[in-house]
Structure formats: structure tokens, C-alpha cells
Amino acid sequence: SDKQERKKSTMAPDPKIIDLFNAKKEGDAPAASLEFFPPRTDDGVKNLYARLDRMKDTVKPLFTDVTWGAGGSTASLSMDIAMQAHNTGHVANLHMTCTNMGDDTSPKEAIKKALQQAKDGGIRNIVALRGDPPAGEEEWKAADGGFTCALDLVVYMREEFGSDFGISVAGYPEGHPNAISEIADPSTMTPAEKARSSSCDGKTFTCKDEDYKKEMDYLKKKIDAGSDFIITQMFFDTAVFIQFVKDCRTWGITCPVVPGLMCLNAYGGFKKMTKFCKSRVPADLDAGMEEKKDDADAIKVYGVDYGAQMCKDLIAFGVPALHFYTLNLEKVVYGILDGVGILENAAASANEADASTMTAVGSAWARVGDTVKCEHGQGVVTEMKSDGAAVIKIEGRDEAATMEKGKYEKVF
């Protein structure tokens with residue numbers, strides 16, 4: 001089709017990210033890399049493209065990730081954004097998940113088609129992930145005839161495409177959220193369990209040692225199957241990341257481990273994400289966020305200061321890159337990179353006038369209990385339908401409203 005033809009790139013194929021890491025010399029400053037998600041509206045996409053250009057010129061990222069929506073919900077848009085990034089001079093690192101691809105063909109055929117399309121477009125780097133459940137579903141389910149985990153996807157890519165792609169995979173310094181358990185009696189935790197534990201709503205959670213071992217064994221399999229490097233889930237305690245890297249080495253995982261850094265842009269989003277991922281939040285961070293929660297600007301300033309200190313600790317440890325979950329914004333990224341001396345006064349030029357358009361296409365975080373807004377007002381989700389529609393109890397109204405997917409958005 002014409003659309004397929006348009007996606008053939010005129011740019012030279014991207015280098016593999018692992019080759020860029022290997023070309024770095026001892027003593028080089030760590031590079032920065034960036035991650036973006038597909039915005040919900042056409043305006044949001046247009047604004048993101050402008051931001052990609054600005055941030056490429058300002059940050060000069062080593063590579064740029066584009067996420068793949070929960071349940072494959074943004075497959076074609078993710079591909080378009082990754083192609084745009086590649087065609088405008090970024091080294092695109094396209095996320096791909098095992099879940100259904102919004103395609104009528106078999107799941108494996110759909111993945112093969114997407115990989116071929118990426119390859120034809122000059123993309124040479126893929127993040128192989130299992131993926132989140134689609135909006136409205138709590139549990140992740142493999143598609144019939146599809147892959148059951150990221151390992152399957154790595155194996156398939158190497159079988160079908162050989163060494164055409166560089167492949168990265170996710171690592172979880174605190175354990176995958178599904179492998180984290182509530183601990184009834186925190187005094188029973190081992191020192192390692194305690195070090196990666198988290199607290200939320202008066203409860204204590206951790207990845208138990210036996211589950212952490214399974215996690216590390218699985219990560220080793222993903223690397224042995226042909227993955228080049230690891231990008232971690234977000235964390236806020238650098239000691240947990242450092243221990244994770246040491247554990248990787250103990251397990252014989254010798255590849256680069258890149259820390260994934262969540263930019264602290266807003267109090268609500270921070271609380272929601274840390275609760276969802278059961279993330280460890282150090283006491284000083286918790287206190288700082290609580291103290292400033294009613295002042296949006298102060299939160300951003302604090303996010304910059306806290307992020308810069310984390311990055312200084314990580315640079316001292318010797319990380320190969322600093323990978324920023326940008327939330328499609330730039331101010332906090334610039335501020336942190338100014339703070340560690342990689343950039344100089346970049347924050348002064350940050351432009352976030354378009355922030356309101358940077359809402360993600362419906363993600364796995366639209367769940368019962370979330371606060372959302374729609375044409376009837378603001379309310380709380382009381383039920384999620386399998387098609388992504390939400391039953392919402394609207395503030396100040398007796399009857400609930402059922403809104404189809406895309407007609408409501410979360411309030412962070």
C-alpha cells in the first residue's frame with residue numbers, strides 16, 4: 001500500500017545501540033537516552049514530533065525509545081513515531097510486546113510483519129517485552145498462538161532475523177511487580193529482602209529471595225538467548241540498582257545495564273506509578289514529595305534536584321547511560337542534565353506549553369479506583385469493561401456514567 005511505501009526510509013539504517021556502547025572509551029561521560037509514549041491526539045503527536053527535534057538538538061541522545069501501548073493498542077502509531085524519530089536523526093529503539101498487535105493475522109505473523117516493517121524503515125533496535133494487559137484487564141494473557149514471555153520474543157527474533165536487530169530487554173532491580181509479595185511480618189525479611197522492600201498504605205511489600213532468584217535466572221535466559229543489554233524498570237533508591245548490577249554479574253550477566261529514570265513531574269502521577277509498580281520510595285523522597293504536593297512548580301524543582309543527585313550517584317558507580325522516562329516532557333530532563341554537568345543551562349529553554357496534549361493512549365493503569373474526567377465531570381472508576389469502557393461515579397451525581405474508551409482520561 002501507499003502507507004507501507006511511505007515507511008521505507010531514505011535514511012541510512014541505524015547503528016545497533018550495543019555497538020555505540022562498545023565504541024565508548026574509558027572515562028567518557030555517560031550518554032543520555034530518552035523514552036516517549038504515543039500521545040492520544042493528533043495534536044499531541046504533532047507536538048511530540050517538535051519535541052523530538054528540540055530534544056535531539058539539546059540532549060543529543062545516544063538512543064530514543066518509543067513505547068508500544070498496553071495489549072498492542074498503539075502498534076501502528078508507535079511504528080510511525082519510531083520511523084519519525086529515525087528519519088529525523090535519532091537512533092530509534094522501538095518497544096515491541098508479545099501481546100496482540102491489533103491485527104487479524106496470527107500473533108507471530110503480526111510480530112514478524114512489524115519487525116520487517118521496522119527493518120525496511122531503517123530501525124535496527126528493538127526492546128523485547130512481554131507487555132502490560134490491555135486497558136480494562138487486570139491479568140496479562142498470551143494471545144492464542146502467540147508468545148508467552150519476552151524470552152520467546154527474543155528467541156523468535158534471533159531465529160527469524162539473525163543479527164539484523166540489536167535487542168534490549170527489561171530488568172527489575174526490585175523484582176517484577178508480579179513477583180512482589182505483601183509481607184505480613186516485616187521482621188521476617190532477610191537483609192536483601194528489606195533493602196528492596198517498599199511500603200504503601202501501611203503494608204510492606206518485597207520480592208522474596210526465592211522469587212528474586214527466579215527473576216535473575218529468567219533475565220540470564222533472556223540475555224543468553226541473544227539480548228544485547230538491559231534497561232531497568234524505574235527505581236528511586238540507587239543502592240537497589242547498584243545491588244542489582246552486582247547480582248547480574250554474580251549470575252554471569254556481563255552486558256551493559258542501563259538505569260531507567262522516571263522524571264518526577266507531578267505528585268499524582270508519582271503516587272499512582274509507585275503504587276502500581278510497588279516501587280521502593282526512600283523516606284527522604286517521600287517526605288519531600290508530601291511537603292510540596294500542592295505546589296506543581298515546586299514538585300518539578302524537587303524532581304530535578306532529586307533526579308540530579310541520583311544521576312551523580314549512578315555516574316560515580318559507572319553506568320553506561322542515563323535513560324529518562326520523559327513522560328513526553330522536557331523540563332525535568334534538561335534540569336537534571338544541567339545539574340550533573342552534561343548540559344549547561346538547557347532548562348532555561350524548556351518549552352512545555354503543550355503539556356496538556358501529552359496524555360497517553362489508554363494504558364493498563366486505567367483501573368477501578370482511578371480518578372478520571374469526562375464530559376459529565378470528574379469521578380472515580382467503579383468498573384472497567386473488557387472493551388476499555390469505564391463505569392464512572394461522577395462527583396455530585398447519583399447515577400454512574402458509562403464512557404467508552406477514549407472518552408475519559410485519568411487525572412494525575
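Residues numbered from 1 in each chain as written. Predicted model: local features only at pLDDT ≥ 70, side-chain atom pairs only at ≥ 80, totals over all residues. Heavy atoms only, no water.

## Notes on the packing of aromatic side chains
- Counting across every chain of the model gives eight aromatic pairs.
- On the numbers, 5.2 Å between centres and 85° between planes, the contact of F21 with F229 is edge-to-face. In this pair, F21 sits in helix α2 (residues 17–23) while F229 sits in strand β9 (residues 229–232), placing the two residues 208 residues apart along the sequence.
- Taking the relative accessible area as the measure of exposure, F229 reaches 1% and is therefore buried. (Phe/Tyr/Trp six-rings, centres within 6.5 Å; stacked < 30°, edge-to-face > 60°. Helix = DSSP H or I, 4+ residues; strand = E, 2+ residues; numbered from the N terminus. Buried < 20%, exposed > 50% of the residue type's maximum accessible area, 1.4 Å probe, protein only.)

## Describing the packing of helix α5 (residues 107–120) against helix α6 (residues 150–161)
- For the pair α5 and α6, the least separation of the axes is 11 Å and the interaxial angle reads 60°. Judged on the interaxial angle alone, α6 and α5 are oblique. Every pair of crossing elements has a handedness; the one defined by α5 and α6 is right-handed. Judged by residue contacts, K108, I111, K112, L115, Q116 and K119 of α5 engage L153, Y156, M157, E160 and F161 from α6.
- For the contact of α5 with α6, a count of residues per class yields six nonpolar, one polar and four charged. (Axes fitted to C-alpha atoms, helices over the stretch in contact; angles between N-to-C directions. Parallel < 35°, antiparallel > 145°, perpendicular 65-115°, else oblique. Left-handed = near helix turned anticlockwise from the far one by under 90°. Contact = heavy atoms within 4.5 Å. Nonpolar A, V, L, I, M, F, W, Y, C, P; charged D, E, K, R; others polar.)

## Some words on the sheet that holds strand β13 (residues 371–374)
- One open sheet holds the five strands; their spatial order is β16-β15-β14-β13-β17, and the pairing between them is antiparallel. Since the sheet does not close on itself, it has two edges, and those belong to β16 (401–403) and β17 (409–410), each with one partner.
- Inspection of the sheet shows strand β14 (residues 377–384) paired to strand β15 (residues 390–394) by five bridges, in the antiparallel sense. Each bridged residue has a counterpart across the sheet, and for V380 the counterpart in β15 is K393. (Pairing = 2+ DSSP bridges.)

## Quick look at the environment of L129
- By secondary structure assignment, the location of L129 is in strand β4 (residues 125–129).
- Residues within four places of L129 in sequence aside, it is in contact with H95, M96, T97, C98, A150, L153 and A170.

## Brief notes about the sheet that holds β4
- Read from one edge of the open sheet, nine strands run β10-β9-β5-β4-β3-β2-β1-β12-β11, paired in parallel fashion. On the outer flanks of this sheet lie β10 (257–258) and β11 (260–262), each paired with one strand and no other.
- Here four bridges tie strand β3 (residues 92–97) to β4, and the two strands are oriented parallel to one another. Paired with H95 across the bridge in β4 is V127.
- Those strands touched by helix α4 (residues 75–87) are β2 (64–66) and β3, and its axis lies near 165° from that of β3.
- Its contacts with the sheet put helix α12 (residues 296–317) on β11 and β12 (321–325), and the angle it makes with β12 is roughly 150°.

## Side note on the confidence of the model for the protein
- When pLDDT is averaged across the protein, the result is 88; 88% of the residues are at 70 or more.
- With pLDDT under 50 throughout, residues 1–7 is counted as low confidence; its partners more than four residues away or in other chains account for seven contacts. (pLDDT = per-residue confidence, 0-100.)

## Here we look at the nonpolar core
- Ranked by internal contacts, the top residues of the largest apolar core, which has 103 residues, are F21, L94, I230 and F324.
- Take this core: its biggest share by element is eight residues, from α12.
- Ignoring any residue separated from it by four or fewer positions in sequence, one finds I230 in contact with V169, A170, G171, L219, I223, C248, I253, C255, P256, V257 and V258.
- In terms of nonpolar packing, the next biggest core, distinct from the first, is built from 10 residues, V381, I394, M403 and Y408 among them. (Core = buried A, V, L, I, M, F, W, Y, C linked by side-chain atoms within 4.5 Å.)

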